Amino acid sequence: MSRFATIEGLRKFRQTLLRERDPWHDTSRRFRIRRFAGPECFLEHLEGLRVGHLTDLHVGRVTPMEVQYDAVSMTNAGKPDIVVISGDFVCHSQVYLADLTDVISKIDAPVFAVLGNHDHWAGAQPVREALRRGGAEVLDNAHTTITIRNQPLQILGLDDAYTGHADRHAALKGLRPDQPVIGLSHIAEEADALWEAGVPLVFSGHTHAGQVTVARLHELSVGKLAGHKYIHGLYGSRGTEDPKGAVYVGAGVGAALVPLRVGERAKREVAFFELGMQPGAFDEHHREQPAHAGRVPSSKTKERRADAVRRKQERRDRRNGNGKPPTSAVEPS
Ligand SMILES: [Fe+2]
C-alpha cells in the first residue's frame, strides 16, 4: 500500500469516528424544509412564483460537503423558479472556493446572492468570483429584474451590513415602484429600512437560528447578548398592517466555528416562499412572530467590525505577498 493510500485511509477512518462517536461534531444531514406564502401585496402582480432560500452555507471544513449537496438537492427537488442565498458562503479562508463554485453550479434555478461578514473576512472579491463562476448573480448594493412566465420580479441585494458594506441608497436607486421586489440582506435588521422603501419581503441569515435553541437559549445568545431583533423565522407583516413588510431569517446550512446544532429551530434549513399566494392559504410552520427588543450597534462596534476586515486583508496580503489565494490545504480557524 502506498504512503498516500495509507494517509487517505486514516483520514477516512478519522472522519467516520468523528461522525459516529463525537456527539458534539454534528455532521448530521437532518434538514427542515419550510414553506411560506409571500406578502399580500404580491397577489395582484404574481402567480405561482416559488423562491427557494438558503443561507450561511459556510462551505469549509466544519460542514461536510455531503450536507452542502443535500441542501442543493432538496432545493432542486422543490422546483423553485429562483434561489436566493443571503451570505456567508465561506468560513475564514479562500481554501474552499472551488467547492463553493461546484455547489452553486449544481443549483438548477437562477441564483441571486449577497455576501455576509465571513465572506468579507475571507476576502470579498474572490468569493464573488467563485459565486459568479458557479452561475450566481451577486448583488452588491444593487438590484436586478428577472422575468418568469411573463412576470417581472425585482431582486434587490444589500452588501453585508455587519462589516459596514451595506449601502441602501445605492441598492434602491432606480427601483421601479410599479413592479414587485424582494430583498436580500445578510443582516435581518436592515429589513426595517427596506420595508420603508417599499421592499415588502426580505431574506436574511447570519444568526444560524442560534444553533442551540433548547430552553430558548437562542433568545439569550442571539437576542439579548448579540442584540438581534430577528433571530429565526418570519417577522414583520405580510399584510396591510404595520410594519408593512416581512423578513425571513433562515437557520442556515453550515457553520463556521462550532458545528453543533441542537433543537428544532436550530436544524439546517431550506425554505420556500410562494409569491402570489395568500398567507394562510396552506399550512405554514409559523406565522409572523413578534420582534425581540434588539440593540443597535454603537459606532465604536461598527468601527471595530470594519477594522477587522481591513486587518484580515492586510494579514492575507502579508502572507501571500501579492494577495494570491493561499495554497495551503489547511483552513485556519
Ligand atoms: Fe454565518
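For the structure given in this document, a descriptive report is provided here.

Here glutamate 40 is to be found in the loop between strand 1 (31-37) and strand 2 (49-54). Remark: the alpha-carbon pair of glutamate 40 and lysine 244, spanning 204 residues in sequence, is separated by 10.0 Å. Leaving out residues up to four positions away in the same chain, glutamate 40 has contacts with Arg238, Gly239, Thr240, Gln278 and Pro279.

In spatial order, the strands read 1-12-2-3-4-5; together these six strands make up an open sheet with mixed pairing. Because the sheet does not close on itself, it has two edges, and the strands there are strand 1 and strand 5 (136-138). Geometrically, the sheet is characterised by an average inter-axis angle of 25 degrees between neighbouring strands, direction not taken into account. Against the sheet, helix 5 (residues 124-133) contacts strand 4 (111-113) and strand 5, and its axis sits at roughly 145 degrees relative to strand 5.

Counting 83 residues, the largest nonpolar core has Leu100, Phe112, Ala113, Val127 and Val247 as its most contacted members. Setting aside residues no more than four positions away along its own chain, leucine 100 makes contact with Val59, Phe89, Val90, Ala130 and Gly134.

In this fold, leucine 194 is placed in helix 7 (residues 191-196). Taking the C-alpha atoms as reference points, leucine 194 and leucine 172, separated by 22 residues in sequence, lie 8.6 Å from one another. Beyond its immediate sequence surroundings of up to four residues, leucine 194 is in contact with Gly183, Val199, Val202 and Gly245.

A few words on the pairing of strand 6 (residues 142-148). In the case of a regular strand, side chains alternate between the two sheet surfaces. Strand direction decides the pairing type here: strand 6 and strand 7 (residues 151-157), joined by seven bridges, are antiparallel. The residue of strand 7 that forms the bridge with isoleucine 148 is glutamine 151. In this antiparallel pair of consecutive strands, strand 6 and strand 7, the connection spans two residues, and arginine 149 shows a positive phi of 45 degrees.

In this section: the sheet that holds strand 6. If you walk across this open sheet you meet the six strands as 6-7-8-9-11-10, and the pairing is mixed. Strand pairing shows two members of the sheet lacking a second neighbour, strand 6 and strand 10 (233-236), which therefore form its edges. For this sheet the average axis-to-axis angle between neighbouring strands, irrespective of direction, equals 25 degrees. Sheet topology note: the strand 8 (residues 181-184)/strand 9 (residues 201-204) ladder contains two bridges and is parallel. Of the residues in strand 9, the one forming a bridge with leucine 184 is phenylalanine 203.

To continue, consider helix 2 (residues 65-77). The end-to-end C-alpha distance of helix 2 is 18 Å, a good match for the 18 Å that 13 residues give at a rise of 1.5 Å each. Taken residue by residue, helix 2 has Val67, Gln68, Ala71, Val72, Met74 and Thr75 as its buried positions. All buried residues of helix 2 fall inside an arc of 165 degrees around its axis, so they share one side. Of the exposed residues in helix 2, the ones pointing more than 90 degrees away from its buried face are Glu66 and Ala77. Looking at the buried residues of helix 2, the elements they touch are strand 1, strand 2, strand 3 (82-85), helix 3 (97-105) and strand 12 (268-275).

Position of valine 90 among the secondary structure elements: in the loop between strand 3 and helix 3. Look at valine 90 and you get buried, because 28 C-beta atoms sit within 10 Å. Excluding residues within four positions of it along the chain, valine 90 makes contact with His58, Val59, Gly60, Tyr96, Leu100, His118, Asp119, Ala122 and Val127.

A cis geometry characterises the amide bond from aspartate 242 onward to proline 243, with omega recorded as 10 degrees. One non-glycine residue, asparagine 141, adopts positive backbone phi at about 55 degrees. In this fold, asparagine 141 is placed in the loop between strand 5 and strand 6. Overall, the presence of 18 C-beta atoms within 10 Å leaves asparagine 141 in the partly exposed class. With a phi close to 45 degrees, arginine 149 is a non-glycine residue in the positive phi region. Within the secondary structure, arginine 149 sits in the loop between strand 6 and strand 7.

Parameters at a glance
Residues numbered from 1 in each chain as written. Predicted model: local features only at pLDDT ≥ 70, side-chain atom pairs only at ≥ 80, totals over all residues. Helix = DSSP H or I, 4+ residues; strand = E, 2+ residues; numbered from the N terminus. Contact = placed C-beta atoms within 7 Å. Pairing = 2+ DSSP bridges. Axes fitted to C-alpha atoms, helices over the stretch in contact; angles between N-to-C directions. Core = buried A, V, L, I, M, F, W, Y, C linked by C-beta atoms within 7 Å. Buried ≥ 20, exposed ≤ 12 C-beta atoms within 10 Å, placed from the backbone. Expected span 1.5 Å × (residues − 1). Arc of directions from axis to C-beta.

That is the geometry; function is a separate question.
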